Amino acid sequence: AFMRGPCLKIRPASKIIQGANMEGRFQRIDIPRAKSASSPVGSEAFVDTSRGNCRSIHGFANKVGRVLWTVCWWTCFRPSPRVFYFWRVMLLRLFGARVHRKSRIHPSARIWAPWNLSVGADTSVGHHVDLYNVAPIYLGNRVTVSQETLLCTASHEITDPTMVLTRQSIRLEDESWACARSYL
């Protein structure tokens, strides 16, 4: 019997798997058989995360936009001299970001989707900052995001067996600071 969900297919599996031992040699390992109401007696369940069973929530336009942005980031944004803040602001605006002309975004800052980014005046995004903005990120006026900080707007629902993607926007109000190597 098969149980199906958007990203989950459970079916019986064999009782013996192969794994590497401490010396790096493969050996056969016996796994106890699962006995639960959801699986037949004498069988095990495994998760099938093949591409056909896990559909992306991102549309075609979003994927094309991210490919174009990645090419632009590698060729125009990242190699730009550190003092060319105006250049990086212009590139971000071309991809739909709402960025104040007096903001400072360093060339090593990674931005997942510029169209989900709003940056206020006198705001600084430091070296190697990762803005993983699946949902919108709002940075107010005079905000500092220090080096190697990760602002992550996406996660997975751990209570759902299909682990669907969850999104929540991040808003840093005026005159706030995300310190170095912090995770928000």
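Everything below is about the structure shown above.
Our subject in this report is the structure included herewith. (Residues numbered from 1 in each chain as written. Predicted model: local features only at pLDDT ≥ 70, side-chain atom pairs only at ≥ 80, totals over all residues. Heavy atoms only, no water.)

Here the focus is the overall build of the chain. Within the chain one finds two helices and 18 strands. Residues counted as buried form 35% of the 184 residues belonging to the chain. Partitioning the intrachain contacts of the chain with sequence separation of at least 6 by distance along the chain shows that 36% fall at a separation of at least 24. Surface summary for the chain: the accessible area is close to 11,700 Å², and the carbon and sulfur share equals 57%. (Helix = DSSP H or I, 4+ residues; strand = E, 2+ residues; numbered from the N terminus. Buried < 20%, exposed > 50% of the residue type's maximum accessible area, 1.4 Å probe, protein only. Contact = heavy atoms within 4.5 Å. Areas by Shrake-Rupley, 256 points an atom, 1.4 Å probe, with all protein chains shown as cover.)

Inspection of the secondary structure assignment puts Ser 176 in the loop between β17 (170-172) and β18 (177-178). A relative accessible area of 21% means that Ser 176 is categorised as partly exposed. Between the alpha carbons of Ser 176 and Thr 144 there is a distance of 6.6 Å; along the sequence they are 32 residues apart. Within the structure, Ser 176 has its side chain in polar contact with the backbone oxygen of Glu 173 (distance 2.7 Å). (Polar contact = N/O pair within 3.5 Å; in protein donor to acceptor, adjacent residues only side chain to side chain.)

This part is about the sheet that holds β17. Ordered in space as β6-β9-β12-β17, the four strands form an open sheet in which the pairing is parallel. Each edge of the sheet is formed by a strand with only one pairing partner; in this case those strands are β6 (98-99) and β17. (Pairing = 2+ DSSP bridges.)

This brings us to unusual backbone geometry. Residues apart from glycine generally show negative phi values, whereas peptide bonds are mostly found in trans. Positive phi values are uncommon outside glycine, yet Arg 142 reaches one of about 55°. Within the fold, Arg 142 resides in the loop between β12 (137-139) and β13 (144-145). Residue classification places Arg 142 among the partly exposed positions, given a relative accessible area of 41%. The backbone of Glu 148 sits at a positive phi, close to 60°, despite the residue not being glycine. Among the structural elements, Glu 148 can be located in the loop between β13 and β14 (150-152).

Attention now moves to the environment of Arg 66. Looking at where Arg 66 falls in the secondary structure, it is placed in helix α1 (residues 60-77). The sequence separation of Arg 66 and Pro 114 amounts to 48 residues, and the corresponding C-alpha distance is 8.8 Å. When neighbours within four sequence positions are excluded, Arg 66 is seen to be in contact with His 58, Trp 112 and Trp 115.

Taken as a whole, this structure holds five aromatic pairs when the rule is applied. The interplanar angle of 70° and the centroid separation of 5.6 Å between the aromatic rings of Trp 69 and Phe 77 together place this pair among those described as edge-to-face. Residues Trp 69 and Phe 77 agree in their burial class; the two are buried. Look at Phe 84 and Phe 86: their rings are 5.3 Å apart centre to centre, the planes differ by 35°, and that puts the pair in the tilted class. By relative accessible area, Phe 84 is classed as partly exposed at 33%. With a relative accessible area of 57%, Phe 86 lands in the exposed category. Following the ring pairs from residue to residue traces out a cluster consisting of Trp 69, Phe 77 and Phe 95. Geometry around Trp 73 places Arg 110 over its ring, the cationic atom sitting 4.1 Å from the centre. Between the NZ or CZ atom of Arg 171 and the centre of the ring of Tyr 138, over which it lies, the distance is 4.4 Å. (Phe/Tyr/Trp six-rings, centres within 6.5 Å; stacked < 30°, edge-to-face > 60°. Lys NZ or Arg CZ within 6 Å of the ring centre and 35° of its normal.)

In short, geometric facts, not functional conclusions.
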